[in-house]
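Each chain is listed here by its residues.
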Amino acid sequence: MKLLRSAAALAAVSLCVHATPTTAQTPTGLQNSQVDIAYVEPSNPDYRPIYERLQKRQVLEDLREFLAPLRLPRKVLAKIEQCGKLTRPYELGGPVTICYEYVAEISKLAPKERTPRGVSREDAIVGAFVQAVLHEMSHAIFDVLKVPVWGREDDAADKLAGFLMLQFGKEVARRTLNGAAYFFEASDRTWTGSDFSDTRGTEAQRFYNYLCMAYGGDQNTFKDFVEVEDGAGSRVVRPKGPARTDLLPARRVPWCVKEYNELRWAFNTLIMPHVDQDLLQKVRARQWLRSDDGK
Amino acid sequence: MKRVVGVLALLLAGISQPMLSQHAAAQDVSELKANSQVVIEYVEPTKPYLRSVYDRMKQRQFLEQLQQFLSPLRLPVTLPIRMLECGETNAYYQPSGPQRGLQLCYEYPEFVGRMAPAETTPEGFTREEVILGGFLSVVFHELGHAVFHLLDVPMFGREEDAADQISAFIMLQFGKNVARRTLTGGAYVWQAFYSGRSPWPRTLYSDTHGHDLQRYYNILCIAYGGDPETFKALVESGPLPPERARNCGREYQQIRRAFVDTILPHIDQDLMKKVQARDWLRPDDGK
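Bear in mind the structure is a predicted one, so any value in this text is a computation, not a measurement.

> I keep staring at the interface of chain B and chain A and nothing clicks. Help me out?
Quite often, the size of an interface is put as the accessible area lost when its parts meet. At the junction of the two partners, chain B supplies 28 residues and chain A supplies 29 residues. If you list the elements that add at least two residues to the side of chain B that touches chain A, you get α7 (159–171), α9 (212–226) and α11 (242–262) of chain B. Per-element tally for the side of chain B that touches chain A: the top contributor is α11(B), with eight residues. Residue classes in the side of chain B that touches chain A are distributed as ten nonpolar, ten polar and eight charged.

Have a look at this one:
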């Protein structure tokens with residue numbers, strides 16, 4: 001990745017922020033005046049196609065519309081920019097940042113062919129991107145709404161993101177959760193010693209958590225995510241052939257429905273009070289993904 | 001650190017600055033009654049090697065003390081707490097069924113007593129704090145599960161991590177001496193468990209519990225985040241990496257908010273002050 005050559009170049013980049021006015025009228029009439037968005041031009045030309053593609057697709061405008069029902073007591077800035085690393089952790093007060101480096105990584109890891117679990121390249125790209133945006137946005141939501149969060153905050157952000165992915169019908173759930181899970185499966189690496197002091201879970205944990213969330217939220221649609229269909233604990237019915245490493249192990253399966261119910265309870269108790277129900281209906285009725293997304 | 005205004009500030013004053021002056025504020029034990037919803041039982045073990053644990057717990061009146069400790073907690077139903085022989089080194093909370101309630105296995109304190117270091121370790125873990133903290137952290141962890149279940153606590157993160165958090169949080173509310181004698185000992189046990197469970201099969205990452213070392217660092221971080229002065233050695237010369245340490249204050253505040261918002265409404269404030277003012281540990285505990 002190229003470094004900036006001079007302070008002047010840095011200044012030029014920081015001015016080239018494509019910010020959409022917060023009062024822009026959308027076809028659906030959905031908007032959130034507390035959400036500011038920005039696509040920050042990358043200095044590295046390698047990221048330029050990503051910048052242009054995301055802008056054209058209006059991903060941040062979509063995010064802002066998606067958040068229309070959420071009553072936020074103060075402003076949140078969501079931006080996409082070059083970070084110098086894969087992620088920029090959310091600090092209290094914001095902003096929410098998605099890094100071009102992460103988007104590039106998503107494409108790099110996406111499978112060329114459909115995987116044994118049925119993940120297509122397009123789903124891998126769309127799902128991982130949606131997960132990243134909703135995960136980072138979740139940190140901001142916890143912060144701004146002063147949500148009491150038990151457990152590790154990063155896991156909580158994964159959970160809220162996953163919950164949202166399950167609220168828009170089977171097709172959206174399938175595409176996004178498949179992609180989200182796949183990204184963590186593909187980024188798996190070996191952790192040792194003080195690696196475990198990270199505030200985030202391991203890629204394997206996040207992978208399994210997404211499989212479990214999906215199955216817990218819709219056992220029918222996601223029965224192919226798990227090792228045992230009936231959740232019978234130790235009675236594992238292993239399919240013939242080489243061992244699958246891309247399914248949720250039987251040991252976890254019996255917990256998934258309970259975990260999903262607890263997640264739904266958390267959402268209904270802690271987030272729903274801040275949600276406008278009429279706008280929520282409109283958001284739920286809207287088509288968010290397009291057939292050519294991820295292509 | 002976010003400032004908390006109004007009523008919550010008053011409530012937090014009881015939590016974030018625990019009354020440490022044990023001598024001045026030491027409460028007469030008889031003032032604290034047992035929580036009438038907490039039903040206790042010591043089940044006699046059959047194996048001889050567990051007998052001394054059974055005798056010690058009964059003599060120390062551990063469960064009776066726990067009943068008093070829990071007196072401020074308003075529970076909707078009874079909470080049975082049993083000490084028993086389990087056939088394994090573990091502890092449980094059972095939400096329903098004939099074994100409903102806390103099952104505290106004698107095997108656990110027996111194991112902790114055996115594996116506690118004979119001398120203070122290079123990272124600074126003492127034998128006494130491992131024995132005390134190793135046992136207490138598990139008791140409060142299981143109690144955490146009970147409270148989350150019985151009070152229907154909303155939870156976005158993983159419940160196993162939350163139980164570790166509430167356990168560590170509780171041990172930080174009774175002054176520096178209690179914190180120092182218990183908290184890091186709880187962490188040590190996870191590091192010791194890990195040595196026996198390495199290498200970690202990938203499928204074990206699907207468990208509802210975090211990796212032993214994650215739990216280890218989480219507890220150290222809560223300790224440092226809750227009391228950076230008392231626990232500064234954890235970062236300065238100890239195992240907690242600075243990159244994580246930087247975030248620990250924020251993590252502690254998050255846990256405190258979760259406790260204040262979701263648990264404190266079920267706690268009798270007057271009784272809580274009495275519980276916080278009392279000397280719970282004795283000089284020979286952990287020896």
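> What am I meant to see in the environment of B:Leu70 here?
All names here are of chain B. Positionally, Leu70 belongs in the loop between α4 (62–69) and β2 (79–84). Overall, the presence of 20 C-beta atoms within 10 Å leaves Leu70 in the buried class. On a C-alpha basis, the gap between Leu70 and Gln94 in space is 18 Å, while along the polypeptide they are 24 residues apart. Ignoring sequence-local partners within four residues, the contact set of Leu70 consists of Asn35 and Val38.

> How should the domain arrangement of chain A be read in this particular structure?
All names here are of chain A. Taken domain by domain, chain A comprises domain 1 (14–109) and domain 2 (114–188 + 201–273). The interface of domain 1 with domain 2 comprises 17 residues on the first partner and 14 residues on the second. Within the residue set of the side of domain 1 that touches domain 2, elements represented by two or more residues are β3 (76–81), β4 (96–99) and α4 (100–109). If you tally residues by element for the side of domain 1 that touches domain 2, the top one is α4, at five residues. By residue class, the composition of the side of domain 1 that touches domain 2 is 13 nonpolar, three polar and one charged.

> Got a minute to help me understand the confidence of the model for chain B in this structure?
Detailed reading of the predicted coordinates is not advisable wherever pLDDT is low. Scored by pLDDT, chain B comes out at a mean of 89, with 90% of its residues at no less than 70. Considering only residues more than four positions removed or in separate chains, one finds that residues 1–27 of chain B, a stretch of pLDDT under 50, has 33 contacts.

Calculation rules
Residues numbered from 1 in each chain as written. Chains lettered and ligands numbered in written order. Predicted model: local features only at pLDDT ≥ 70, side-chain atom pairs only at ≥ 80, totals over all residues. Contact = placed C-beta atoms within 7 Å. Helix = DSSP H or I, 4+ residues; strand = E, 2+ residues; numbered from the N terminus. Nonpolar A, V, L, I, M, F, W, Y, C, P; charged D, E, K, R; others polar. Buried ≥ 20, exposed ≤ 12 C-beta atoms within 10 Å, placed from the backbone. Domains from an automatic or database assignment. pLDDT = per-residue confidence, 0-100.

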